[in-house]
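A structural walkthrough
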Amino acid sequence: MTTGLRKGLTSYGDAAFSLFHRKAFIKALGYSDDALDRPIVGITNTASDYNPCHGNMADLVESAKRGALLAGGLPMVFPTISIHESFAYPTSMYLRNLMAMDTEEMIRAQAMDAVVLIGGCDKTLPAQVMAAASVDLPAIVVATGPMSVGHYRGEVIGACTDCRRLWAQFRAGDLGETEIDVVSGRLAPTVGTCGVMGTASTMACVIETLGLALPMSATAPATHADRRRIAEASGQRAAEMAASGSPTPGRLITGASVRNAMVVLQAIGGSTNGLIHLTAIAGRASVAFDLELFDRLGREIPVLLNLKPSGSHYMEHFHAAGGLPALMRELRDLLDLTAPSVAGGTIADAIAGAEAVPNQDVIRTLANPLKPMGAMAVLHGNLAPRGAVIKQSAASPELMQHAGRAVVFDSAEDMAARIDRTDLDVHADDVLVLRNTGPKGAPGMPEAGYLPIPMKLARQGVKDMVRISDARMSGTAFGTIVLHIAPEAAVGGPLAVVQTGDRIRLDVEERRIDLLIDDDELARRLAAWRQMPPRPRPTRGYAKLFDRAVLQADQGCDFDFLLREPPPHS
Ligand code: FES
């Protein structure tokens, strides 16, 4: 097998010339023949002025390079797409698969024997792991790490659960313009990813659980020396893997490790986005993702992690409490401890190295959980034949069984135009319905599922309502919110035929979300459904590719042509 600089030679019809040509050019950077004969460690650089979550990228790249050199490898840094949540139009999810394709093709195209994937903001780590799983080259992940907390009037705050909470206070008139301006400068006091159990932290935990990152790598704060040492150690490990050729992601992403990741996703109060990304990652490794198993685990496994939005602490506190290895120690009887880790051992070895931190309230025990059930429940019913999800750990207990009158918004634009109108006919016990916000409909399934409480109800003190949609929501958000309804309205799913005034029933215990009309009426409406006005279809470029190939939420919103196996519902 060819390795190092000899890998993937450019096609000139003469392999010896291709190598000579490659060396001639790379020597322009001053490399010696000795350096060029080493195993090559590719290192992704996802720095971008648009991405403050990756604001420590230069430090991490430098540390990973040092590690690779210490272990006798040749580090080669290369750029890929970078995606930040608030600088991604129309939504970051629309770009995740593009980043996965970019990363995959750059790993394939350029000579490297192993790769260090450095990312962090929500969609970046899933995109990178999807890519690495597809190439199946030895890979190790370094998250950029969570930001530190801020303070406002003696209260600890952080992006971005508190962004939503404080914005809701501003909308309700409890905070003024000056105060909200001050808050905007305190919510993200350092570089790094959101400091709560949002999607970025969720995916960092999922990836460490899958064995694709070193122990403690999910939690070390972005600005701590620990973070740089983890990057150095990851570069070192990557050089060893480059020399040995293993383990590849295919050996790490297995049925056992995906089940472990499901357990952790439930126990950390993880983001609903994490479910979509884990499904997509599993799909790239030919591992079937079983939504029903995920739901059953949610009935058995309580939320142990006391982090926002389900609890009260932040990621830096999780790190100080022992990080993911300490959490997995609590879950050890529920995990497959023989699952291998990129560190060289198994999950059992990571747990054996976990720090014991006395008198902490961040990682609860199974005997004293934060919530009696897992983070998420998977719902079915006549509104969601292929499933929907609710983050029950961040929902209102009194709304978990609820029937109410539907108030329907046809799109995110329709909702924005009407939700705060004083003449909107809406009451606190209604069910807000948002549609045409799924993978194809919006497109890209924006995080619009966190419908704001209508202004006139917010001003009456209403804090939560049942809200349902085919959209996603930020992992930092909270409320009784049903998401990812599949099939989505834009392809004729039942959500498309709900009418304002219909009654909808949510029953989380029974795992049901139903439109309370009889079957014949539902069938009649579905048969008569025509999207009006017809959805404009893109005619060129990535938008056309996305529209043609994106799969539904229950299949991870991957592109149909990128799965290892043909998907069941393509
Ligand atoms: Fe980047 Fe939250 S916006 S992690």
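A short tour of the structure in this document, coming up. Given the structure is predicted, the values throughout are model-derived calculations rather than measurements.

With that settled, the discussion passes to the overall build of the chain. Along the backbone of the chain there are 20 helices and 14 strands. Whereas a compact globule of 570 residues would reach a radius of gyration of roughly 25 Å, the chain reaches 24 Å, a difference of no more than 12%. Viewed in the frame of its principal axes, the chain has a C-alpha envelope of about 75 × 60 × 50 Å. Counting only contacts in the chain whose residues sit at least 6 apart along the sequence, the fraction spanning at least 24 positions is 75%. Accessible area of the chain: about 21800 Å², with a carbon and sulfur share of 53%. Charge centroids of the chain, computed over 55 positive and 62 negative side chains, lie 2 Å from each other.

With that settled, the discussion passes to the pattern of salt bridges. For the structure shown, the criterion picks out 34 salt bridges. Between Asp425 and Arg405 there is a salt bridge, with its nearest N and O atoms 3.1 Å apart. Placement of Asp425 in the loop between α17 (412–418) and β10 (431–434) and of Arg405 in strand β9 (residues 401–409) is noted, with a sequence separation of 20 residues between them. A residue is classified by how much of its surface remains accessible, and Asp425, at 46% relative accessible area, is partly exposed. Residues Arg512 and Asp514 are paired through a salt bridge, measuring 2.8 Å at the closest nitrogen-oxygen approach. The class for Arg512 is partly exposed, based on a relative accessible area of 36%. Through salt bridges with shared partners, one network takes in Glu85, Asp122, Lys123, Glu447 and Arg472.

Time to look at the pairing of strand β3 (residues 114–119). With respect to burial, β3 is a largely interior element, six of its six residues being buried. Every second residue of β3 is oriented toward a common face, with Ala114, Val116 and Ile118 on one face and Val115, Leu117 and Gly119 on the other, all of them buried. In terms of strand pairing, β3 meets strand β4 (residues 139–143) through five bridges, oriented parallel. Bridge pairing in β4 places Ile118 opposite Val142. What joins β3 to β4 is helix α5 (residues 124–135), and the crossover it makes is right-handed.

Turning to the layout of surface pockets, a few remarks are in order. By volume, the second largest pocket is sized at about 790 Å³. Breaking the lining of the second largest pocket down by element, the ones donating at least two residues are α17 and α20 (541–549). Among the residues making up the lining of the second largest pocket, the classes are represented as 18 nonpolar, six polar and nine charged.

Moving on to the side chain of Glu104. Turning to its location among the elements, Glu104 is positioned in helix α4 (residues 92–109). A polar contact of 2.8 Å, which involves the side chain of Glu104, links it to the side chain of Arg108.

Taking 1.5 Å per residue, twelve residues should reach 16 Å; helix α1 (residues 15–26) reaches 17 Å between its end C-alpha atoms and fits that length. In this structure, the buried side of α1 is in contact with α2 (33–36) and β2 (74–79). Structurally, the start of α1 carries an N-cap: the backbone nitrogen of Ala16 is 3.2 Å from a side-chain oxygen of Asp14.

What follows deals with the nonpolar core. Counting 109 residues, the largest nonpolar core has Val116, Ile118, Phe289, Leu305, Phe318, Leu327 and Leu331 as its most contacted members. Setting aside its immediate chain neighbours within four residues, Ile118 contacts Ile43, Thr44, Thr46, Met57, Leu60, Val61, Ala64, Gln128, Val142 and Thr144. Judged by nonpolar contacts, the second largest core, of 29 residues, contains Ala388, Val408, Leu506 and Leu522.

To continue, consider the sheet that holds strand β12 (residues 481–483). Read across the sheet, eight strands follow the order β7-β8-β12-β11-β10-β9-β13-β14 without closing on themselves; strand pairing throughout is mixed. Whereas interior strands pair on both sides, the edge strands pair on one side only; in this sheet they are β7 (377–379) and β14 (512–515). When strand polarity is set aside, the average angle formed by the axes of neighbouring strands in this sheet is 30°. Pairing of strand β11 (residues 466–469) with β12 involves two bridges; the strand directions are parallel. Counterpart to Ile468 in the pairing with β12 is Val482.

To continue, consider empty space enclosed by the protein. Tallying each qualifying case throughout the model produces two cavities of 30 Å³ or more. Approximately 110 Å³ is the volume found for the largest cavity. Lining the largest cavity are 13 residues, and of these Leu275, Leu291, His484, Ala553 and Asp554 lie nearest its centre. With three residues, the top contributor of residues to the lining of the largest cavity is helix α12 (residues 272–284). There is about 40 Å³ of room inside the second largest cavity. Residue lining of the second largest cavity: Glu208, Gly211, Ala213, Leu214, Pro215, Met328, Ser341, Ile347 and Ala350, and that is the complete set. Residue composition of the lining of the second largest cavity, by class: six nonpolar, two polar and one charged.

It is worth spelling out the sheet that holds β2 at this point. Spatially, four strands are ordered β2-β1-β3-β4 in an open sheet, and the strand pairing comes out parallel. With one partner strand each, in any of the chains shown, β2 and β4 form the two edges of the open sheet. Strand-to-strand twist across the sheet, computed as the mean angle between neighbouring axes with direction ignored, equals 20°. Note that strand β1 (residues 40–45) and β3 share three bridges and pair parallel. Within the sheet, the bridge partner assigned to Val41 lies in β3 and is Ala114.

What follows covers the packing of aromatic side chains. Under the criterion given, the structure shown has twelve aromatic pairs. Ring geometry for Tyr542 against Phe559: centres 6.1 Å apart, planes inclined by 55°, an arrangement best described as tilted. Here the residue Tyr542 occupies a position in helix α20, and Phe559 occupies one in the segment after α20, the gap between them amounting to 17 residues. The exposure class assigned to Phe559 is buried, which follows from its relative accessible area of 0%. Chaining the aromatic ring pairs together yields one cluster made of Tyr94, Tyr542, Phe546, Phe559 and Phe561.

Cut-offs and rules
Residues numbered from 1 in each chain as written. Predicted model: local features only at pLDDT ≥ 70, side-chain atom pairs only at ≥ 80, totals over all residues. Heavy atoms only, no water. Helix = DSSP H or I, 4+ residues; strand = E, 2+ residues; numbered from the N terminus. Rg over C-alpha atoms; globule rule 2.2 N^0.38 Å. Contact = heavy atoms within 4.5 Å. Areas by Shrake-Rupley, 256 points an atom, 1.4 Å probe, with all protein chains shown as cover. Lys, Arg positive; Asp, Glu negative; His and termini not counted. Charge placed at Lys NZ, Arg CZ, Asp CG, Glu CD. Salt bridge = Lys/Arg side-chain N within 4 Å of Asp/Glu carboxyl O. Buried < 20%, exposed > 50% of the residue type's maximum accessible area, 1.4 Å probe, protein only. Pairing = 2+ DSSP bridges. Right-handed = clockwise from strand over helix to strand, strands pointing away. 1 Å grid on protein atoms, 1.4 Å probe; cavity = no way out; pocket = protein on both sides within 12 Å on 5 of 7 lines; lining within 4 Å. Points joined across faces, edges and corners; volume = space filled by probe spheres on them. Nonpolar A, V, L, I, M, F, W, Y, C, P; charged D, E, K, R; others polar. Polar contact = N/O pair within 3.5 Å; in protein donor to acceptor, adjacent residues only side chain to side chain. Expected span 1.5 Å × (residues − 1). Core = buried A, V, L, I, M, F, W, Y, C linked by side-chain atoms within 4.5 Å. Axes fitted to C-alpha atoms, helices over the stretch in contact; angles between N-to-C directions. Phe/Tyr/Trp six-rings, centres within 6.5 Å; stacked < 30°, edge-to-face > 60°.

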